[in-house]
Amino acid sequence: MKPTDIKNPEYFHKVVDCQYACPAHTPVPEYIRLIAQQKYSEAYMVNWESNVFPGILGRTCDRPCEPACRRGRVEEEPVAICRLKRVAADNKDDVKRFMPKGPFEPNGKKVALVGAGPAALTVARDLAPLGYELHIFDEQKGGGGFMRSQIPSFRLPESVLEEEVNYILDLGVVKHFNHYVKSLEALLAEGYDAIFVGSGAPRGRDLDIPGRKEADAHVHIGINWLANVAFEHTSKIGRRVIVLGGGNTAMDCCRTARRLGGEEVKVIVRSPFAEMKASPWEKEDAIHEDIPIIDNHVPKSFVVENGVLKGMMFEKVHAVYENGKRKLVPTGEAEVFYPADDVLVAIGQENSFPWIERGIGIDFDKWDMPVVNEVTFASTNPKVFFGGDAAFGPKNVITAVAHGHQAAVSIHRYCMGEDINQRPAPHVNLYSQKMGIHEWSYDSEVVVDKRYAVPHADKTLTLTNRKKEVELGFDLPTGFKEAERCLNCDVQTVFTESKCIECDACMDICPTSCITFMPNMETEAEIRQHTKVLASNTTQDLYVSAPLATTRVMVKDEDVCLHCGLCAERCPTSAWDMQKFLYKVTKAEGACC
């Protein structure tokens, strides 16, 4: 094999598993170290630069970073990355002093943002300091998009939402709230230099089964019902409630129903419990609030008597797997009846673009979705860009933020007359952490520490007040201890071949046997079979050195390295060094020459 090119910024980026898994590529270990140092404002700003909404995401993020966490491969429980984000948000001081301050020098360009959700707000945050005149349109009373209308207050207090949305709106964005955009063609005619569409996936899927029309008065589309609750148009629900669906929206619906008078609330889902789309912690919270989740039941009909909804009939199924695909097969048992006064349908969301005319240069695919470039987020109309759920369907807040950053880069390059397909390189630093012969500028000790639980408010209080926040967050001592569980995966083991005397000391002291000195081989697959411990995870790379004096090569399995620094401490010639790697995705400010 050829030596590993560690100068490629994506090599060490991939080793920082949590950051690599984050759609916005937040430098997770960097802000966790700052939390451990009680630098909460600085930790907040590291987050704000990447994910824009630290307080919101510290409560509601889908946490794609946590399954990737290296600590989870050591002790099964990853670092509580998401909840540590909240520690920074809850304990910061005045962070506006670190943020861009307007008014900004105008650059003569005007951009419209349709929808005030996380994607559009991210675009605004990135473009405002560059002098753009930004106009944001939303049919709601304020910014936030589905974060405002669909995430219940017991998960996301309105005060947190308002604070973080206003950080962006206060940059000089022109607000057009309570304003539904009826025509994109008309908006284009107003002379905007570019338009960003971040209108979300606003239509909930319905269920077309017998009895649906007759039961209409007591069957509610989940996302619409949550919005009605958020805007206080709905304040009660029947005593017996069925929630259909197995995603996070279904969990929000059932928990909200408990707070609005639902005494017997059930979630009934087609799939097996383990395969529900809802996050594991969302399911746990629902169960903690005495909400049973009944799996493997397919809805067959609504039961209506004399115009009154009585309940629903379900068919029992079980999962059968063929060629990696799941089929739900009826068990042959009799259909089951569950009583209900109201039914909430939370079986998915769809995009809806009735306001985008089909003759203005925007192509739509067979699913009636706009054709959007997955890198530039440009549509087939060069002035119109998409992001968030409006681009590729329903995802989550952090994915919408990532889309917003990249769309802002494209809009800036487009408005400056540059090629939007030429993407700017990330900002990368790699520098030694050595403070002495055997001392590092970070805490490198690896200890066994189980994940700390986030405390919850008593459910006798939270179930009587839909605005009472359930999770209380870590206190500072617990936040420090949880931060110390981070293995500092951004501090890389960097090897210098010319200094190595092949004493094998590093190989002997490595606690996970991730280092092997061996003859070079033709393929990676061969090398993986001959490492000291079988390097079986092919999703993570091998670090292979250039040939050493004996013609052997050093091979390190990045998958199981703990970044403990013992190899560098033990090496008599300093062939190993611990170097902190900082990777920052380029934003719009660095997108043009």
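In what follows, the structure referred to is the one given above.
Bear in mind that the values here come from a model prediction, so they are computed numbers and not experimental data. (Residues numbered from 1 in each chain as written. Predicted model: local features only at pLDDT ≥ 70, side-chain atom pairs only at ≥ 80, totals over all residues. Heavy atoms only, no water.)

1. Some words on the overall build of the protein
Put simply, the rule is: A run of H or I in DSSP becomes a helix once it reaches four residues, and a run of E becomes a strand once it reaches two; helices and strands are each numbered from the N terminus. Our radius of gyration looks at C-alpha atoms and nothing else; its globule reference is 2.2 Å times the residue count to the power 0.38. A simple rule labels every residue: compare its accessible area, found with a 1.4 Å probe on the protein chains alone, to the largest value its type can have, and call it buried under 20%, exposed over 50%, or partly exposed in between. Here, residues are in contact when the closest pair of their heavy atoms is within 4.5 Å. We get accessible surface area from the Shrake-Rupley algorithm with a probe of 1.4 Å; when it comes to residues, only the shown protein chains can shield them. Only four residue types enter the charge count: Lys and Arg as positive, Asp and Glu as negative, with His and the chain ends excluded. The location of each charge is read from NZ of Lys, CZ of Arg, CG of Asp or CD of Glu.
Of regular secondary structure, the protein possesses 22 helices and 24 strands. Against the 2.2 N^0.38 benchmark of 25 Å for 593 residues, the protein shows a C-alpha radius of gyration of 26 Å, consistent with a compact globule. Across its three principal axes, the protein shows a C-alpha extent of roughly 90 × 65 × 45 Å. The burial tally for the protein puts 56% of its 593 residues in the buried class. Taking the intrachain contacts of the protein between residues at least 6 apart in sequence as the baseline, contacts between residues at least 24 apart amount to 72%. Split by element, the accessible area of the protein, about 25500 Å² in all, is 50% carbon and sulfur. Of note, the protein has its 69 positive side-chain charges centred 2 Å away from the centre of its 83 negative side-chain charges.

2. Re the environment of E158
Positionally, E158 belongs in helix 11 (residues 158–169). For E158, a relative accessible area of 38% puts it in the partly exposed group. Spatially, the C-alpha atoms of E158 and V320 are 44 Å apart, while their sequence positions differ by 162 residues. Setting aside residues no more than four positions away along its own chain, E158 makes contact with K141 and R148.

3. A closer look at the sheet that holds strand 14 (residues 342–345)
Picture the strands of a sheet paired through backbone hydrogen bonds; they go either parallel or antiparallel. The following threshold applies: Two strands are counted as paired when DSSP detects at least two bridges linking them. To get an axis, fit a line to the C-alpha atoms, keeping to the stretch in contact for a helix; angles then go from 0 to 180 degrees between the N-to-C directions.
As summarised here, the arrangement of the five strands in space is 6-14-7-8-9, forming an open sheet in which the pairing is parallel. What marks the edges here is a single partner per strand, and that holds for strand 6 (219–221) and strand 9 (293–294). The pairing of strand 7 (residues 240–244) with strand 14 spans four bridges and is parallel. Opposite L244, over in strand 14, you have V345 as the bridge partner. Its contacts with the sheet put helix 14 (residues 248–259) on strand 7, strand 8 (264–268), strand 9 and strand 14, and the angle it makes with strand 8 is roughly 170°.

4. Details of the nonpolar core
Inside soluble globular proteins, nonpolar side chains tend to come together where they are buried. Our working rule: Working definition of a nonpolar core: buried Ala, Val, Leu, Ile, Met, Phe, Trp, Tyr and Cys residues. They are joined through side-chain atoms within 4.5 Å.
By size, the foremost hydrophobic cluster in this structure holds 70 residues, and its most contacted members are F53, L184 and F386. The greatest single-element share of this core, amounting to nine residues, is contributed by helix 17 (residues 397–415). For F53, the residues in contact, after removing those within four places along its chain, are G58, P118, L121, T122, M147, E164, I168, V397 and V401. Counting 58 residues, the second largest nonpolar core, distinct from the first, contains W48, C65, Y167 and F517.

5. Re the environment of D126
Convention followed: The definition of a polar contact used here is a pair of N or O atoms within 3.5 Å, where within protein one atom must be able to donate a hydrogen and the other to accept one, and adjacent residues in sequence count solely through side-chain atom pairs.
Mapped onto the elements, D126 comes out in helix 9 (residues 118–127). For D126, a relative accessible area of 5% translates into the label buried. Each C-alpha atom, one on D126 and one on H412, is 9.4 Å from the other, the two residues being 286 residues apart in sequence. Non-local contacts of D126, meaning those with residues more than four positions away in its chain, are made with H405, A408, K587 and A588. Within the structure, D126 has its side chain in polar contact with the side chain of H405 (distance 2.7 Å).

6. Remarks on the environment of K96
Within the secondary structure, K96 sits in the loop between helix 8 (81–91) and strand 1 (110–114). The class for K96 is partly exposed, based on a relative accessible area of 37%. Sequence spacing of K96 and M45 is 51 residues, and the spatial spacing of their C-alpha atoms is 9.6 Å. Beyond its immediate stretch of four places on either side in the chain, K96 contacts K101, Y167 and D170. In this structure the side chain of K96 is engaged in a polar contact, spanning 3.2 Å, whose partner is the side chain of D170.

7. Side note on unusual backbone geometry
With an omega dihedral of 0°, the bond running from G102 to P103 counts as a cis peptide bond. For P103, the position within the fold is in the loop between helix 8 and strand 1. Within the chain, D290 stands out as a residue other than glycine whose phi angle is a positive 65°. Looking at the element boundaries, D290 is found in the loop between helix 15 (280–288) and strand 9. Among the residues examined, D290 registers a relative accessible area of 48% and is labelled partly exposed.

8. Some remarks on the pairing of strand 11 (residues 308–322)
The side chains of a regular strand alternate, first on one face of the sheet and then on the other. Bridge count for strand 10 (residues 297–305) against strand 11 is eight bridges, and the pairing is antiparallel. Opposite E305, over in strand 11, you have V308 as the bridge partner. Linking strand 10 back to strand 11 in an antiparallel pair, the connection comprises two residues, with N306 at a positive phi of about 55°. Of the pairings in the sheet, the one linking strand 11 to strand 13 (residues 336–339) comprises four bridges and is antiparallel in character. Considered in strand 13, the bridge of G311 is made with P339. One ladder, built from six bridges, connects strand 11 with strand 12 (residues 325–330); its direction is antiparallel.

9. Here's the deal with the pattern of salt bridges
We apply this condition: Just to be clear on terms, a salt bridge is a Lys or Arg side-chain nitrogen sitting within 4 Å of an Asp or Glu carboxyl oxygen.
Across all of its chains, the model carries 46 salt bridges by this definition. Ionic pairing is found between R212 and D216, a salt bridge with its closest N-O pair at 3.0 Å. A residue is classified by how much of its surface remains accessible, and R212, at 11% relative accessible area, is buried. Given the relative accessible area of 44%, D216 is considered partly exposed. Among the salt bridges present, the one from R240 reaches D341, with a minimum N-O distance of 3.0 Å. Of this pair, R240 sits in strand 7 while D341 sits in the loop between strand 13 and strand 14; the two residues are 101 residues apart in sequence, bridging distant segments of the chain. Through salt bridges that share partners, D17, R70, R73 and D559 make up one connected network.

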